[in-house]
Amino acid sequence: MAEAEATAGRLRLYSYWRSTCSHRARIALNLKGVDYEYKAVNLVKGEQSDPEFVKLNPMKFVPALVDGDSVIGDSYAIALYLEDKYPEPPLLPHDLQKKALNHQIAGIVASGIQPFHNRTVLRLIDQKVGAGESVLWTQQQTERGLTAIENLIQLKGRAGKYATGDEVQLADVFLAPQICGAIGVNQIDMSNYPTLARLHSEYMAHPAFVAALPGRQPDAPSSS
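What comes next is a walk through the structure. The residue count restarts for each chain, going from 1 along the sequence in the order it is written. Where local features are concerned, this predicted model is filtered to residues with pLDDT of at least 70; where side-chain atom pairs are given and counted, the filter is 80 or more; whole-chain, interface and lining totals use all residues. Remark: hydrogens and water are excluded; side-chain values derive from all non-hydrogen atoms of the structure.

### Examining the packing of aromatic side chains
Phase 1: Aromatic pairs are defined between Phe, Tyr and Trp rings, using the six-membered ring for Trp, whenever the two ring centres lie within 6.5 Å; interplanar angles under 30 degrees are classed as stacked, those over 60 as edge-to-face, and all others as tilted. A full pass over the atoms with the stated rule returns five aromatic pairs.
Phase 2: Between Tyr 76 and Phe 174, the ring centres sit 5.0 Å apart and the planes meet at 50 degrees, which makes this aromatic pair tilted. In this pair, Tyr 76 is assigned in helix H3 (residues 75-85) and Phe 174 in helix H7 (residues 170-184), connecting sequence segments 98 residues apart. Assigned by exposure class, Tyr 76 and Phe 174 land together as buried.
Phase 3: Aromatic pair Tyr 162 and Tyr 203: ring centres 6.4 Å apart, planes at 5 degrees, arrangement stacked. Placement of the pair is Tyr 162 in the loop between helix H6 (133-156) and H7 and Tyr 203 in helix H8 (residues 194-203), with a sequence separation of 41 residues.
Phase 4: Residue exposure (1.4 Å probe, protein chains only): buried if accessible area is under 20% of the type maximum, exposed if over 50%, otherwise partly exposed. With a relative accessible area of 6%, Tyr 162 lands in the buried category.
Phase 5: Relative accessible area serves as the criterion here: at 2%, Tyr 203 is assigned to the buried category.
Phase 6: In textbook terms, an aromatic cluster arises when at least three aromatic residues are bridged by ring pairs, as seen for Tyr 162, Tyr 203 and Phe 209. Helix numbers and strand numbers start at the N terminus; a helix is a DSSP run of H or I with at least 4 residues, a strand a run of E with at least 2.

Structure, rendered in structure tokens:
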């Protein structure tokens with residue numbers, strides 16, 4: 001399928017500017033210094049259901065990364081794929097406890113926060129419970145997850161400049177988009193999460209994170 005093939009060895013990322021999952025993949029690619037082609041998939045227009053895209057990711061989710069004959073359709077899998085293919089700079093430490101902490105934080109974001117923001121879920125809540133109820137639901141689930149991560153980082157005492165030390169690692173790749181969304185979309189008061197608020201400031205000063213911001217993507221509306 002010509003559309004799915006990465007051109008001349010260049011990776012292709014199928015992404016939506018506002019998707020936190022796509023945001024993670026963009027950060028990981030930037031941190032690894034990998035040049036890639038950006039392919040926009042407009043979720044609002046339903047382009048994720050286009051038959052050609054479904055061949056790439058049958059779940060109809062973004063992101064999807066195409067690397068030659070390899071197609072990876074999940075942000076967690078993409079991050080680990082990039083870690084294996086481009087080991088420097090590393091996203092995972094050798095220390096087993098710190099590695100587990102990185103996976104745990106990433107898992108909370110990927111399984112305990114972001115899925116509750118899925119457009120299908122939010123539409124169903126508004127339909128079944130009442131118009132606008134999805135806003136409260138999203139805030140509650142976001143706060144629950146951020147509270148868990150704030151407490152986890154403090155309990156483990158592993159935070160340095162970044163979430164699990166003085167180097168950017170996998171936990172940061174997952175945290176940054178979720179915090180960004182919590183502030184910009186969900187209107188979460190980050191004063192309740194002093195560690196995460198400090199981390200957000202660090203992310204906003206890091207070139208790889210700044211370049212991955214939703215408003216800087218080619219498919220972002222000009223007013224974003």
